[in-house]
Amino acid sequence: MQKKQILVIDDDTDLSYIVCDMLENYGYSVTCAEDSEAAFALLTSHTYHLILLDINLPGMSGFEVCLALRKVSKVPVLFASARTNENDRITGFDIGGDDYLPKPYSLKELLVRVNALIRRTYDYQEEEEIICIDSIEIHPAARQVKKSGELISLSLKEYDLLAFLLKNKNTAVSKERLLSEVWGAFTEVEPSTLTVHIRWLREKLEDDSKNPRFIKTVWGIGYMLQTI
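Residues numbered from 1 in each chain as written. Predicted model: local features only at pLDDT ≥ 70, side-chain atom pairs only at ≥ 80, totals over all residues. Heavy atoms only, no water.

Chemist: Explain the packing of aromatic side chains to me, please; I cannot follow it from the model alone.
Modeler: Applying the stated criterion across every chain yields a total of 2 aromatic pairs. Residues Phe 63 and Phe 79 carry aromatic rings whose centres are separated by 5.6 Å and whose planes lie at 75° to one another, so their mutual orientation is edge-to-face. Of this pair, Phe 63 sits in helix α3 (residues 62-70) while Phe 79 sits in strand β4 (residues 77-81); the two residues are 16 residues apart in sequence, bridging distant segments of the chain. Assessed through its relative accessible area of 11%, Phe 63 is described here as buried. The buried category is assigned to Phe 79, whose relative accessible area is 0%. (Phe/Tyr/Trp six-rings, centres within 6.5 Å; stacked < 30°, edge-to-face > 60°. Helix = DSSP H or I, 4+ residues; strand = E, 2+ residues; numbered from the N terminus. Buried < 20%, exposed > 50% of the residue type's maximum accessible area, 1.4 Å probe, protein only.)

Chemist: Quick question: what am I supposed to make of the pattern of salt bridges here?
Modeler: Between side chains of opposite charge, a pair can form when the charged atoms approach closely. Inspection of the entire model under this criterion finds 10 salt bridges. Among the salt bridges present, the one from Asp 54 reaches Lys 103, with a minimum N-O distance of 3.6 Å. One end of the pair, Asp 54, is in the loop between β3 (50-53) and α3; the other, Lys 103, is in the loop between β5 (99-102) and α5 (107-122), and 49 residues separate them in sequence. Of the residues examined, Lys 103 reaches a relative accessible area of 18% and is grouped as buried. A salt bridge links Arg 113 to Glu 109, with the shortest nitrogen-to-oxygen separation between them at 2.7 Å. Placement of both Arg 113 and Glu 109 in helix α5 is noted, with a separation of 4 residues, approximately one turn of the helix. A single network of salt bridges, built from pairs that share partners, joins Asp 10, Asp 54 and Lys 103. (Salt bridge = Lys/Arg side-chain N within 4 Å of Asp/Glu carboxyl O.)

Chemist: Help me out: how do you make sense of the domain arrangement of the protein chain in this one?
Modeler: Each assigned domain of the protein chain is listed with its residue range as follows: domain 1 (5-123) and domain 2 (131-225). Computed over C-alpha atoms, the centres of domain 1 and domain 2 are 28 Å apart. With 10 residues of domain 1 at the interface, the matching set in domain 2 holds 10 residues. For the pair domain 1 and domain 2, the number of links is 0 salt bridges. On the surface where domain 1 and domain 2 come into contact, there are 3 residue pairs in polar contact (both at pLDDT 80 or more). Counted by class, the side of domain 1 that touches domain 2 contains 4 nonpolar, 6 polar and no charged residues. (Domains from an automatic or database assignment. Contact = heavy atoms within 4.5 Å. Polar contact = N/O pair within 3.5 Å; in protein donor to acceptor, adjacent residues only side chain to side chain. Nonpolar A, V, L, I, M, F, W, Y, C, P; charged D, E, K, R; others polar.)

Chemist: What is the right way to look at helix α1 (residues 13-25) in this model?
Modeler: Helical geometry: 3.6 residues make up each α-helical turn, so side chains three or four residues apart lie on a common side. With 13 residues, α1 should reach 18 Å at 1.5 Å per residue; the first-to-last C-alpha distance of 18 Å fits that figure. Three or more residues of α1 are buried, namely Leu 15, Ser 16, Val 19, Cys 20, Met 22 and Leu 23. On the buried face of α1, the contacting elements are β1 (5-9), β2 (29-33), β3 and α5. One or two steps after α1, the chain reaches Gly 27, where phi turns positive at roughly 95°. (Expected span 1.5 Å × (residues − 1).)

Chemist: What is the right way to read the pairing of β1 from this model?
Modeler: In summary, the side chains of a regular strand alternate between the two faces of the sheet. With respect to burial, β1 is a largely interior element, 5 of its 5 residues being buried. Residue alternation in β1 divides its side chains into two sets, Gln 5, Leu 7 and Ile 9 and Ile 6 and Val 8, and both sets are buried. Two strands pair when backbone bridges link them, and β1 and β2 are joined in this way by 5 bridges, in the parallel orientation. The partner of Val 8 across the bridge, within β2, is Cys 32. (Pairing = 2+ DSSP bridges.)

This is the structure we're talking about:
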């Protein structure tokens, strides 16, 4: 079974290393980021199963990171912060956080909360319907994609784009609709961004990205995921 991937976003590097060592000793794979810029760079190229998020970060705050994340992902977010007043805790939950752990915390309690969130979010994935398109397997509950049995690393947006095309499989979807549904109706995104993400998906999923079998261009309209 593949290890669950956790991203720790905290500018306290000493604490992050301690947390990383502990979680890895219990079977998780952990990556650390010191600020929002580093975190978003990782999130664009990797899929994580849980985010451990501090609030007082340099630059963008943890609250702002969570708000941005919730526009594109439902990945569980566990806030861990020295800001322990009621208003901060309520804000954390209101903007999409799944749990809130006050600092300082014991590593044992952190592990218990991480285990609980992972179990609550992913335990049913073994019973989910796995969607197969030739050699490609899509696991919606885990937000994972495999090709010929090998896990393919997709960014948040790459997965969301693939999932929306899958939802509308064998139907041409306009570029405008894809940009609106995947990136958000009020987000200013250049059409070239969609083109680049389609190219990245083809490079990862197609045997020949220049002659795609699954992710088709429908000239004058947009794109289609062909499954038949």
